Amino acid sequence: MAHIGVLKAMRTLGLRYDAIVGTSIGALVGAMAAGGYDIEHMEDIIGRLQKEDYFRLNVVKFLLKGVRTPSVYQGDTFRRRLEELLPDKGFGELEVPFFCNTVRLETGGSIFWGTPGLDDISLVDAVYSSCCLPGIFEPYQRDGYNYMDGGIVDPLPLRFARSLRPDLVIAIDLTVKATFKTPNYKSRVASTLFRAFEIAEEVIVEQGLHMHADYRTALIQPKVGHLARFDFKDVPEVVRLGEVEALKVLTAHAATRHLCRDEELPDGLACPVTPRDYVSIRIDSALCIGCGLCEMVCETDAFWARGERADVRKLSNYECTRDHACARNCPTSAISLGNL
């Protein structure tokens, strides 16, 4: 839902994309965009979705196989919905080059559908394999191999995007959303599975941003941390949150602000042009216990952990990759980040 808001913001600002790389649910939205769907059509489709369209328990298999069943929910239900949602096109027929990733269970390696030699798959199969959450849906099977959600190994595939030799990358990162919400893990096993998956995603994205994000990467992180992963209650508001954040970043980031169309923004979309090239960092000395974890996890040397309390070396950190690692790992929540 938030991805669609980003696409709306790009259209408002006159920004076009030359290729799309999608992971997991980003593969679904990316496939619709690459297939030529207009934004209003995509928003209408997403707005009518219900959780039941995707998640139907494998009741019969549970009764027959118990814990040996391959998934909690029926993958066929999800696949049928994808057949209704996605354009009936092959990779070579799309409006722009499109790539989506999955992970091969047997080797643990990434596969990017749409690359040479891996573009003879149907769009439905490619997107299903990219969205196939582990333990939730059955793996996609092809040529004796099994494939699962690409977010397991590469939730934000900047490394692959860089291999396309782009002038700049607009990256949409939704992994930080789970940091601020306690999962309902006590009453539902699926909540525990999702949270474990999200924690792994956060750490992988953190490392990926450290290695592959640079001044040519406009990173958009919609403020959806208060929502659960499958919250379908207010789709228009989630779309709006993605749109607002994208407008703020794209009009203020050094990589994109000179490309944006100079015109009045839609009513209700506040977009102050504040430089987004740095992150402000603060430590609450009353909460800091001097454990040194902030210095350990920050790859940009923003902290000193000497003595009883840590100190901030860079109040305005231009090297920060916005991975939230310092705040997420602080055991007392003493660290606060701004200008995000």
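Now for a look at the structure at hand. (Residues numbered from 1 in each chain as written. Predicted model: local features only at pLDDT ≥ 70, side-chain atom pairs only at ≥ 80, totals over all residues. Heavy atoms only, no water.)

**Some words on the packing of helix α1 (residues 2-12) against helix α2 (residues 25-34)**
- Running from N to C, α1 and α2 cross one another at 40°; their axes reach a closest spacing of 9 Å. By the angle class used here, α1 and α2 are oblique. When the axes of α1 and α2 are compared, the crossing they make is right-handed. Residues H3, I4 and L7 of α1 form the contact with α2, whose participating residues are I25, G26, V29 and A33.
- Residue composition of the contact of α1 with α2, grouped by class: five nonpolar, two polar and no charged. (Axes fitted to C-alpha atoms, helices over the stretch in contact; angles between N-to-C directions. Helix = DSSP H or I, 4+ residues; strand = E, 2+ residues; numbered from the N terminus. Parallel < 35°, antiparallel > 145°, perpendicular 65-115°, else oblique. Left-handed = near helix turned anticlockwise from the far one by under 90°. Contact = heavy atoms within 4.5 Å. Nonpolar A, V, L, I, M, F, W, Y, C, P; charged D, E, K, R; others polar.)

**Quick word on the pattern of salt bridges**
- A complete count under the given rule lists 16 salt bridges for this structure.
- Two residues, E83 and R79, come together in a salt bridge whose shortest N-O distance is 3.6 Å. Of this pair, E83 and R79 both sit in helix α5 (residues 75-85), four residues apart, roughly one helical turn.
- On the accessibility criterion, E83 (45% relative accessible area) is partly exposed.
- The partly exposed category is assigned to R79, whose relative accessible area is 27%.
- In this structure, the salt-bridge partner of D125 is R79, at a minimum N-O distance of 2.2 Å. With a gap of 46 residues between them, D125 in helix α6 (residues 123-131) and R79 in helix α5 connect regions that are remote in the sequence.
- When its relative accessible area of 13% is taken as the criterion, D125 is described as buried.
- Residues participating in the shared-partner salt-bridge network are R79, E83 and D125. (Salt bridge = Lys/Arg side-chain N within 4 Å of Asp/Glu carboxyl O. Buried < 20%, exposed > 50% of the residue type's maximum accessible area, 1.4 Å probe, protein only.)

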